[in-house]
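Summary of structural features
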Amino acid sequence: MAILAASALVALSPLQVTANAATAAGPEPAPVAGQPDVHRVTLLTGDVVTYERDGAGHDTAQVEPAVRPDRPAPAFQITSTADGLMVYPSDALPFIGKGLLGPELFNVTTLVGDRRDDAASTTIPVIVRYGDRAGLSAQSLDAKAKTLPQTQRLTPLVTANGVGVQVKKAGTGDFWRSLVAFDPGGKPVLNQGISQVRLDRKVRVALDKSTAQVGAPSAWKSGWTGKGSTVAVVDTGIDEKHPDLAGKTTVSADFSGEGDAVDRHGHGTHVASIIAGTGAASGGRYKGVAPDAKLVVAKVFDASGEGDTAQVMAGIDWVVAQGAKIVNLSLGAGVTDGADPLSEQIDTLSAKSGALFVVASGNSGPGDRTVTTPGAATSALTVGAVDRDNKIAWFS
C-alpha cells in the first residue's frame, strides 16, 4: 500500500497529529463559530480517536490505543487524503494492504460524517463478505454471521455473498480477535471463511427539481405511457393514498426497520410520482413520465431519509427477485471509483438479471471525484441534472 509523504507513523500513547483539511466523503457537522468540532470515534480495532476540526479547516487526531494482553503496543499511521483523515493502526495495515479490510473503516472524517462517532452510535456497521462469488442463501449467510462475536442486527446480502453486521464498540476486542489471523507463511488472512470486511456507509436520498424537459408529452402522443411496465423504487416508501399513486403499487417491502412501507419522509412519494404519477390530484397537469406504469416499492430509508448501505443492498436484491427490470435509485453515499459493495452489486445484478439501474449521480459536483455510489457502477445509467436552460446544474 502506498504511504503518502504527509503521513506519520508513531507508537506513542496517546498521540496527536495535525493535518491540512481533507475533503470529507460524507456531510460533516459544521463547527460552532469560534469553537472546534470534536468527536470521539472507536475504530474496529478498539482504538479510540479524538478527532478535532478547527474553524480554519485543520484536522487533529489523538489516539488512545486499545490495550489487550494479546496485542503488542500498536503504532499509528495518520494520513490526510482527498477522502478524509485516515488513522491506521499498525496491526490493521497488513489486512488493509491485502484488500481484506476496507481503508474506509479507518477514515475518521467519513465515520464522523456518517454519524458513527461514539456520541451518535454504540456500534460500527460493516459488510462482511464470504468469497467473491454468490451462492449462499440468505439463511446460510445469516447462520454464518451469527457466529461472529459482539454483533447485532444482521442483514443478509445474497448478491454480495455477505451480511450487514453491527459490531458493538464495547466488544471490538473480541470481534477483532475472531476476525484476523496469519497463515503459516505469515500471510494475513480472515477467519471463518470471510474474504473481506468493508464499512457499511450511510446512504442518503438525492433528488432535485424535475422538469418537463425530457420530452415526455411527445412520447405519450406516440403511445409510450409505461403501460405494461413495472418500475422499482428503492427509497423512503410511498404514500399509497395519494391520488396520483392510488393502485400503483403491486408489491412492497420494508428494509428500514420501521415495519411498513409508509413514506414518513416524502422523498419516495415524490420520486414515484415523477415516474408513474397519474396527475389525478392536479387534473392531469402534473403527470409522471410513465403514468401507466406500475410500481414495486422497497422502503430502505426511515423518516430521516437515511439508511445503511446494507439496507439499500437488501432492498435492491428484493426488487430484482420480484422481477423488476427497471430500478430507480435516487440516492447516494460517498464518492467512489466503483469498487465499493453497492456499486459492485449493481454491476453483478445488471449482468445477471438484465435489470437497468437508473441512479442519481449525486449533488456534490461539478468536478473530479464527485460521482457517488452506486452511480459509480460501470453498468448504471447514472443521471446528472440540468437547469432550465439545459445546462449542467451548478451542483450536478
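Further up the page is the structure itself.
What comes next is a walk through the structure. (Residues numbered from 1 in each chain as written. Predicted model: local features only at pLDDT ≥ 70, side-chain atom pairs only at ≥ 80, totals over all residues. Heavy atoms only, no water.)

**Digging into the pairing of strand S10 (residues 162-168)**
The buried fraction of S10 is high, at 6 of 7 residues. Pairing of strand S8 (residues 123-129) with S10 involves 7 bridges; the strand directions are antiparallel. By the bridge assignment for S10, Arg129 is matched with Gly162. In the sheet, strand S9 (residues 151-157) pairs with S10 via 5 bridges, with the strands oriented antiparallel. Each bridged residue has a counterpart across the sheet, and for Pro156 the counterpart in S10 is Val163. Hairpin connection of S9 to S10: 4 residues between the antiparallel strands, including Asn161 at a positive phi of 55°. (Buried < 20%, exposed > 50% of the residue type's maximum accessible area, 1.4 Å probe, protein only. Helix = DSSP H or I, 4+ residues; strand = E, 2+ residues; numbered from the N terminus. Pairing = 2+ DSSP bridges.)

**Considerations on the pairing of strand S17 (residues 294-299)**
Most of S17 is tucked away, with 5 of its 6 residues classed as buried. Strand direction decides the pairing type here: strand S15 (residues 230-235) and S17, joined by 6 bridges, are parallel. Each bridged residue has a counterpart across the sheet, and for Ala232 the counterpart in S17 is Val296. Pairing between strand S16 (residues 249-254) and S17: 5 bridges, direction parallel. Among the inter-strand pairings, Val251 is bridged to a residue of S17, identified as Val296. Handedness of the S16-helix H6 (residues 267-276)-S17 crossover: left-handed. (Right-handed = clockwise from strand over helix to strand, strands pointing away.)

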